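# Structural characterization, general
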Amino acid sequence: MAQSKRITLKVILDHLQAFQIQINGRMDRFEGRMGGVEGRMGGLEGRMDRMERNLTAQISAIDKRLDAIEIEELPKRVRKLEKAVFAK
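Here we summarise the structure given alongside this text. (Residues numbered from 1 in each chain as written. Predicted model: local features only at pLDDT ≥ 70, side-chain atom pairs only at ≥ 80, totals over all residues. Heavy atoms only, no water.)

### Considering the overall build of the chain
Basically, it comes down to this: Counting from the N terminus, the helices are the DSSP runs of H or I reaching at least four residues and the strands are the DSSP runs of E reaching at least two. Each radius of gyration reported is based on C-alpha atoms, and the globular scaling rule is 2.2 Å times the count of residues to the power 0.38. Three labels apply to residues, based on accessible area from a 1.4 Å probe with only protein chains included: buried if under 20% of the type maximum, exposed if over 50%, partly exposed otherwise in between. Values of accessible area rely on a 1.4 Å probe in the Shrake-Rupley scheme; residue burial ignores everything except the protein chains shown.
Counting its regular elements, the chain contains one helix and zero strands. Computed over C-alpha atoms, the radius of gyration of the chain comes to 37 Å, more than 25% over the 12 Å expected from 2.2 N^0.38 for 88 residues, which places it beyond the range of a compact globule. A burial count over the chain gives 1% of its 88 residues as buried. Put simply, the chain shows about 8600 Å² of open surface, and 61% of that area lies on carbon and sulfur atoms.

Quick look at the structure:
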């Protein structure tokens, strides 16, 4: 066999080192992407928290309005209807 075609331990070591460099580079890029994803997730969590607070406030306002209708307005309307029905 010719010297250039022999597989030696040095050739194997060179290939392994090249693969290691490639893997390290890919891992670094992957970690960078993950950092970006984590940052976006943090932003989404903040937006979701704000949306939850907003929805809670809106539901509370609706609940208060319904209470006002049930407690204040509905009895008044019933009295008006009773007067109109029983006046005849």
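### Things to note about helix H1 (residues 9-86)
At 3.6 residues per turn, the α-helix brings residues three or four places apart onto the same side. Basically, it comes down to this: A helix's residues, less one, multiplied by 1.5 Å, set its expected span. Fitting axes to the seven residues that end at a residue and to the seven that start at it, the angle between those axes gives the bend at that residue.
With 78 residues, H1 extends 108 Å between its outermost C-alpha atoms, agreeing within 8% with the 116 Å of an ideal straight helix rising 1.5 Å per residue. Along H1, the helix axis deviates most sharply at Glu 73, where the bend reaches about 40°; the proline Pro 75 sits within four residues downstream.

### Section: a nonpolar patch on the surface
Basically, it comes down to this: A patch consists of residues exposed above 30% relative accessible area that lack any salt bridge, with like charges linked at up to 9 Å and nonpolar side chains (Val, Leu, Ile, Met, Phe, Trp, Tyr) linked at up to 5 Å. Whenever a carboxyl oxygen of Asp or Glu lies within 4 Å of a side-chain nitrogen of Lys or Arg, that contact is scored as a salt bridge.
A cluster of nonpolar residues, Ile 7, Leu 9, Val 11, Ile 12, Leu 16, Phe 19, Ile 23 and Met 27, forms a patch on the protein surface that exposes about 820 Å² of accessible area. Structurally, Ile 7 is set in the segment before H1.

### Observations regarding the pattern of salt bridges
Oppositely charged side chains may form a pair once their charged atoms are brought near each other. Summed over the entire model, instances satisfying the criterion amount to three salt bridges. One salt bridge in this structure joins Asp 14 and Lys 10, with 3.3 Å as the shortest N-O distance. Of this pair, Asp 14 and Lys 10 both sit in helix H1, four residues apart, which is roughly one turn of that helix. Here Asp 14 falls in the partly exposed class, since its relative accessible area comes to 35%. A salt bridge links Arg 65 to Glu 73; its shortest N-O distance comes to 3.1 Å.

### Thoughts on a positive patch on the surface
Inclusion rule: For the purpose of counting charges, residues Lys and Arg are taken to be positive, whereas Asp and Glu are taken to be negative. His and the chain ends are not included. By convention, the point assigned to a charge is CZ for Arg, NZ for Lys, CD for Glu and CG for Asp.
Taken together, the side chains of Lys 76, Arg 79, Lys 80 and Lys 83 present a region of like positive charge at the surface. Tracing the sequence through the fold places Lys 76 in helix H1.

No statement about biological role is implied by the geometric values presented.
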